[in-house]
Amino acid sequence: MSARFRRVGVVGGGRMGAGIAEVCARAGLDTVVCEADATAALAARERVAASLDRAVRRGKLEPQAARETLARIVFTGSLDDLADRQLVVEAVIENAGAKTEVFAALDKIVEDPAAVFATNTSSLPVMRLGMATSRADRVVGLHFFNPVPVLPLVEIVASLHTSPETVTAVEDFATGTLGKTVIRSRDRAGFVVNALLIPYVLAAVRMAESGFATAVDIDTGMELGCAHPIGPLKLADLIGLDTVASIAESLYDEFREPLYAPPPLLQRMVQAGLLGRKTGRGFHTYGQA
């Protein structure tokens with residue numbers, strides 16, 4: 001099945017969606033990125049182009065390969081342009097209602113009854129999204145990590161309805177076509193990585209909130225004391241504080257463990273629009289959004 005995943009669609013052209021589209025196009029796939037409208041589609045194109053330019057400057061990609069990669073991607077503001085796709089990866093905002101709406105629409109639009117729908121959700125139940133379609137056996141979690149062109153890991157998550165054939169095909173696609181390393185997880189909130197990572201990040205937020213240590217000292221402590229490449233609060237800023245809060249809420253809703261509850265400081269920062277790197281300010285301040 002995976003050998004026929006030559007036409008790929010990506011719904012959502014933010015950092016994650018743009019990164020997923022880039023790795024698919026780098027692998028030689030015919031790729032379509034769908035955004036909310038033409039303006040957002042143009043922004044998605046600029047996001048991919050900037051990423052490819054960085055890869056060229058760093059010597060990771062030849063200029064001709066970058067041009068060919070961008071030429072393989074069509075950017076659109078209409079879901080109807082995904083009608084002929086064989087694999088569609090959803091990468092919209094981490095919100096159950098928004099994602100469910102996308103899957104219900106794709107179920108009506110994508111013509112191939114054998115097409116596979118994947119979600120890049122980092123915390124929401126794959127089952128819930130699959131049940132919004134008439135093909136829950138062909139809905140699977142395919143969770144990439146940011147930045148997608150750089151980080152090698154993908155989590156594959158099967159719901160109770162996902163067929164073994166779908167899981168195998170998507171794993172073959174992720175490893176054989178995209179060159180990623182795959183780990184499998186059960187369909188539980190947070191999967192493997194975020195179920196471990198988010199409590200750690202939230203503990204750092206609580207430490208800053210209490211005045212126990214500054215954000216700079218917390219991050220420096222983990223970077224230099226534990227050899228982490230990035231401190232927990234810098235990482236939260238990179239992920240996006242709104243996304244961190246959404247994952248925490250999903251984890252808390254499922255497990256009801258206090259360590260998963262989003263701290264008040266995190267919630268207030270999200271309400272204030274201080275979301276990290278993408279807005280220029282979070283636990284740290286950045287030169288530009």
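The structure presented is a predicted model; accordingly, all values stated were derived computationally and were not measured. (Residues numbered from 1 in each chain as written. Predicted model: local features only at pLDDT ≥ 70, side-chain atom pairs only at ≥ 80, totals over all residues. Heavy atoms only, no water.)

Broken down by element type, the protein chain carries 11 helices and eight strands. Taken against the 2.2 N^0.38 rule, which gives 19 Å for 289 residues, the C-alpha radius of gyration of the protein chain at 19 Å falls within 12% of a compact globule. In the protein chain, buried positions account for 49% of the 289 residues. Taking the contacts inside the protein chain whose residues are at least 6 apart along the sequence as the reference set, 67% of them involve residues at least 24 apart. For the protein chain, the exposed area adds up to about 13,100 Å²; of that, 54% sits on carbon and sulfur atoms. Of the charged side chains in the protein chain, 30 are positive and 33 negative; the average position of the first set lies 4 Å away from that of the second. (Helix = DSSP H or I, 4+ residues; strand = E, 2+ residues; numbered from the N terminus. Rg over C-alpha atoms; globule rule 2.2 N^0.38 Å. Buried < 20%, exposed > 50% of the residue type's maximum accessible area, 1.4 Å probe, protein only. Contact = heavy atoms within 4.5 Å. Areas by Shrake-Rupley, 256 points an atom, 1.4 Å probe, with all protein chains shown as cover. Lys, Arg positive; Asp, Glu negative; His and termini not counted. Charge placed at Lys NZ, Arg CZ, Asp CG, Glu CD.)

Once that is clear, we can look at the packing of helix α7 (residues 193–210) against helix α10 (residues 241–255). Axis separation between α7 and α10 bottoms out at 10 Å; the angle between their running directions is 115°. Judged on the interaxial angle alone, α10 and α7 are roughly perpendicular. Judged by the sense of rotation from one axis to the other, the crossing of α7 with α10 is left-handed. Residues N194, A195, I198, V201 and L202 of α7 lie in contact with α10, whose contacting residues are V244, I247, A248 and L251. (Axes fitted to C-alpha atoms, helices over the stretch in contact; angles between N-to-C directions. Parallel < 35°, antiparallel > 145°, perpendicular 65-115°, else oblique. Left-handed = near helix turned anticlockwise from the far one by under 90°.)

What follows deals with the pairing of strand β5 (residues 116–119). Of the two faces of β5, the one lined by V116 and A118 and the one lined by F117 and T119 are each fully buried. Alignment of strand β4 (residues 87–90) against β5, held across four bridges, turns out to be parallel. Residue pairing in the sheet places V88 in a bridge with F117 of β5. The β-α-β motif built from β4, the intervening helix α4 (residues 96–109) and the parallel element β5 has right-handed crossover chirality. As defined by bridge partners, β5 adjoins strand β6 (residues 139–144) across three bridges and the pair is classed as parallel. Residue pairing in the sheet places F117 in a bridge with V139 of β6. (Pairing = 2+ DSSP bridges. Right-handed = clockwise from strand over helix to strand, strands pointing away.)

Cis rather than trans, the peptide bond between N146 and P147 has omega equal to 0°. Structurally, P147 can be placed in the loop between β6 and β7 (153–158). For A227, which is not a glycine, the phi torsion comes out positive at approximately 60°. Looking at the element boundaries, A227 is found in the loop between α8 (215–225) and α9 (232–239). Positive phi, normally seen in glycine, also occurs at R256, with a value near 55°. In this fold, R256 is placed in the loop between α10 and α11 (264–271).

Further remarks concern helix α2 (residues 38–57). In this model α2 runs 29 Å from its N-terminal to its C-terminal C-alpha over 20 residues, within 8% of the 28 Å that 1.5 Å per residue would give. Those residues of α2 not exposed but buried are A41, A44, V48, A49, S51, L52 and A55. When α2 is viewed along its axis, its buried side chains cluster within an angular range of 160° and face the same direction. Exposed and facing more than 90 degrees away from the buried side of α2 are T39, E46 and R57. Against α1 (15–26), β2 (30–34), α3 (63–71) and β3 (73–76) lie the buried residues of α2. Measuring from the side-chain oxygen of the N-cap residue of α2 to the backbone nitrogen of T39 gives 3.2 Å; that N-cap residue is D37. G59 occupies a position one or two residues after α2 and carries a positive phi of about 75°. (Expected span 1.5 Å × (residues − 1). Arc of directions from axis to C-beta. Polar contact = N/O pair within 3.5 Å; in protein donor to acceptor, adjacent residues only side chain to side chain.)

Here we come to the sheet that holds β3. Taken in spatial order, the eight strands of this open sheet run β3-β2-β1-β4-β5-β6-β7-β8, and their pairing is mixed. The outermost strands of the open sheet, each flanked by one partner alone, are β3 and β8 (181–185). Averaged over neighbouring strand pairs, the angle between their axes works out to 25° when direction is ignored. Where β6 and β7 come together, five bridges link them in antiparallel fashion.

Where β7 and β8 come together, five bridges link them in parallel fashion. In the sheet register, I156 faces β8, and the bridge partner there is R184. Where the polypeptide runs from β7 across helix α6 (residues 164–177) and back to β8, its parallel neighbour, the crossover connection is right-handed.

On the surface, R15, R47, R54, R57, R58, K60 and R277 cluster together to form a positively charged patch. Tallying contributions element by element places α2 first for the positive patch, with three residues. (Patch = residues over 30% accessible without salt bridge, like charges linked within 9 Å, V, L, I, M, F, W, Y side chains within 5 Å. Salt bridge = Lys/Arg side-chain N within 4 Å of Asp/Glu carboxyl O.)

For the rest of this paragraph, the subject is the pattern of salt bridges. Two side chains carrying opposite charge are able to pair once their charged atoms lie near each other. The final tally for this structure, using the stated rule, is 11 salt bridges. The residue R85 makes a salt bridge to D84 at a minimum N-O spacing of 3.0 Å. In this structure D84 comes out as partly exposed when scored by relative accessible area, which is 36%. For R188, the salt bridge goes to E254, with nearest N and O atoms at 2.7 Å. Of the two residues, R188 sits in the loop between β8 and α7 while E254 sits in helix α10, which places them 66 residues apart along the sequence. You can call R188 partly exposed: its relative accessible area is 43%.

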